[in-house]
Amino acid sequence: DGGITQSPKYLFRKEGQNVTLSCEQNLNHDAMYWYRQDPGQGLRLIYYSQIVNDFQKGDIAEGYSVSREKKESFPLTVTSAQKNPTAFYLCASSIRGGNSPLHFGNGTRLTVT
Amino acid sequence: DQQVKQNSPSLSVQEGRISILNCDYTNSMFDYFLWYKKYPAEGPTFLISISSIKDKNEDGRFTVFLNKSAKHLSLHIVPSQPGDSAVYFCAASLISSGSARQLTFGSGTQLTVLP
């Protein structure tokens, strides 16, 4: 079955530590995205990548970093510089260009204490 | 400034009746709109979309209406079923040929269908 896998589902970290969230897709999609969801808010775009070895900042990129070394993988690192890292993180992918919807993974809930 | 707004955080409907979820947008350059459905602790799943060249798109029990002059879209679910209970997000996008699609999401509406 094709899809997007995010791991782990729940993640706990101490303040001041960097943490990396995994996202893998086997849909052969060129474009991949990271969104963040906070209670009562819509999804906000952190970073996106149109193609391997290329990525762009979204609306709330500060305190985050990404890499896109393989088409299938788009890991997100939440650094200690992110002031409010506790949130639900969603990875998505899509066919590049055109009117194709984003396909989402099941998310990782990160709690930083 | 929120470019996509869902002003009703929650909606309760009786099973079998129609559910109407509303969404307003401010950017007149948006020309592609989508609805996603989300269950707790899961990612959103795509439901239905509409291009700005249309004013209606239908898929089974789901119909999306677009009123460009009012910058308003709505999702109709009829008949509503208890399994439809979820958070519904509307999203809007600009056509960007050859590049990744960036969606702007509303804050969501929690739909509860009562048996």
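Residues numbered from 1 in each chain as written. Chains lettered and ligands numbered in written order. Predicted model: local features only at pLDDT ≥ 70, side-chain atom pairs only at ≥ 80, totals over all residues. Heavy atoms only, no water.

(A) Main features of the sheet that holds strand β3 (residues 19–25) of chain A. Residues and elements named next belong to chain A. The four strands lie next to each other as β1-β3-β8-β7, forming an open sheet whose pairing is antiparallel. A single partner strand is all that each edge strand has here, and the edge strands are β1 (4–7) and β7 (64–66). Direction aside, neighbouring strands of the sheet carry axes that sit 20 degrees apart on average. As judged from the three bridges shared by β7 and strand β8 (residues 76–78), these two strands associate in the antiparallel manner. Looking at β8, one finds that valine 66 is bridged to leucine 76. (Pairing = 2+ DSSP bridges. Helix = DSSP H or I, 4+ residues; strand = E, 2+ residues; numbered from the N terminus. Axes fitted to C-alpha atoms, helices over the stretch in contact; angles between N-to-C directions.)

(B) Broad picture of the pairing of strand β4 (residues 32–38) of chain B. Residues and elements named next belong to chain B. Across the seven residues that make up β4, a large majority, seven, are buried. Side-chain alternation along β4 places Tyr32, Leu34, Tyr36 and Lys38 on one buried face and Phe33, Trp35 and Lys37 on a second face that is also buried. Both β4 and strand β5 (residues 45–51) contribute to a ladder of six bridges, which runs antiparallel. Counted as the bridge partner of tyrosine 36 is phenylalanine 46 from β5. Linking two consecutive strands that pair antiparallel, namely β4 and β5, is a turn of six residues; a positive phi of about 60 degrees is found at alanine 41 within it. Inspection of the sheet shows β4 paired to strand β9 (residues 86–93) by seven bridges, in the antiparallel sense. (Buried < 20%, exposed > 50% of the residue type's maximum accessible area, 1.4 Å probe, protein only.)

(C) Inspection of the environment of A:Asn106 at higher detail. Relative to the helices and strands, A:Asn106 is located in the loop between β10 (103–104) and β11 (108–112). C-alpha separation for the pair A:Asn106 and A:Thr86, spaced 20 residues apart in sequence, amounts to 17 Å. In contact with A:Asn106, not counting residues within four places along its chain, are A:Gln6, A:Lys9, A:Phe88, A:Leu90, B:Ala41, B:Glu42 and B:Gly43. Engagement of the side chain of A:Asn106 in a polar contact is seen with the backbone nitrogen of B:Gly43, the distance being 3.3 Å. (Contact = heavy atoms within 4.5 Å. Polar contact = N/O pair within 3.5 Å; in protein donor to acceptor, adjacent residues only side chain to side chain.)

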